[in-house]
Amino acid sequence: PSGDLIANNGYLLVNNLCSLAGYYASAAVIDNPKVGRKNLQICSFLVCATLFLVTGGVFNSAPPQLLMVLYFMGSFFVNFGPNVTTYVMAAETYPTELRATCHGLSAFMGKAGALTATIVFSDLTSPQIFYICGGTC
C-alpha cells in the first residue's frame, strides 16, 4: 500500500513467510491417508479459484489491506497444494527412465504458459486477470 521501501520489503517478507508456511503445511498433510495428494490438489485449487474470483470482484472497491490479506492467503494456498503436489505427483508418475525428460517437458510447458499469459494479459485489467485465473483453476 505505501511506496516506502522498508514497508514494501516488510510485505515481501510476510508474503514469503505465507508461502513457506504453505509448503510446510503441505508437507505435513500430503502423506496423510485422509488427505492425500489428489484431494490436497483438488481442494487447494478450489480455494485458489475462490480467492482469485473474490479478489477480482472486490479489486476496485476494497481497501488495500483487504487486497493484501487476499494476496497473502493466495500465496499460502498456491504453495499449500498446487506448487507442491504438481511436483510430487509428477515425480511419482513418470517412469524412472523418462523422469528427467518429462520434468524438462513440464518445465518447458510452464514457461510457455507464463509467456502466453504475459502476452494475453497485457491488455487486460487486474480484475479481468483475477477472473480468468479463478475460472481456469
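Residues numbered from 1 in each chain as written. Predicted model: local features only at pLDDT ≥ 70, side-chain atom pairs only at ≥ 80, totals over all residues. Heavy atoms only, no water.

J.: Account for a nonpolar patch on the surface, naming residues and giving values.
T.: Residues Leu13, Leu17, Leu20, Tyr23 and Tyr24 make up a contiguous nonpolar surface patch of about 530 Å² in total accessible area. Here tyrosine 23 lies in helix α1 (residues 5-29). (Patch = residues over 30% accessible without salt bridge, like charges linked within 9 Å, V, L, I, M, F, W, Y side chains within 5 Å. Areas by Shrake-Rupley, 256 points an atom, 1.4 Å probe, with all protein chains shown as cover. Salt bridge = Lys/Arg side-chain N within 4 Å of Asp/Glu carboxyl O. Helix = DSSP H or I, 4+ residues; strand = E, 2+ residues; numbered from the N terminus.)

J.: Before we move on, could you go through the layout of surface pockets and cite the residues and values that matter?
T.: Considering only enclosed or pocket space, the largest pocket measures out at about 180 Å³ in volume. Along the walls of the largest pocket sit Leu51, Phe52, Thr55, Phe59, Leu67, Met68, Leu70, Tyr71, Gly74, Ser75 and Phe130, which together make up its complete lining. Going through the elements one at a time, α2 (36-58) and α3 (64-80) are the ones with two or more residues in the lining of the largest pocket. Taken together, the residues that form the lining of the largest pocket break down as eight nonpolar, three polar and no charged. (1 Å grid on protein atoms, 1.4 Å probe; cavity = no way out; pocket = protein on both sides within 12 Å on 5 of 7 lines; lining within 4 Å. Points joined across faces, edges and corners; volume = space filled by probe spheres on them. Nonpolar A, V, L, I, M, F, W, Y, C, P; charged D, E, K, R; others polar.)

J.: Could you give me a rundown of the packing of aromatic side chains, with the residues and numbers involved?
T.: Each aromatic ring pair is described using two quantities: the centre-to-centre distance and the angle formed by the ring planes. Counting across every chain of the model gives six aromatic pairs. Ring geometry for phenylalanine 76 and phenylalanine 77: centres 5.0 Å apart, planes at 85°, overall edge-to-face. Consider the rings of phenylalanine 77 and phenylalanine 80, whose centres lie 6.2 Å apart with planes at 90°: the pair is edge-to-face. With a gap of three residues between them, phenylalanine 77 and phenylalanine 80 both fall in helix α3, about one helical turn apart. When its relative accessible area of 17% is taken as the criterion, phenylalanine 80 is described as buried. Through pairs of rings, three or more aromatic residues link up here, namely Phe52, Phe59 and Phe130. (Phe/Tyr/Trp six-rings, centres within 6.5 Å; stacked < 30°, edge-to-face > 60°. Buried < 20%, exposed > 50% of the residue type's maximum accessible area, 1.4 Å probe, protein only.)

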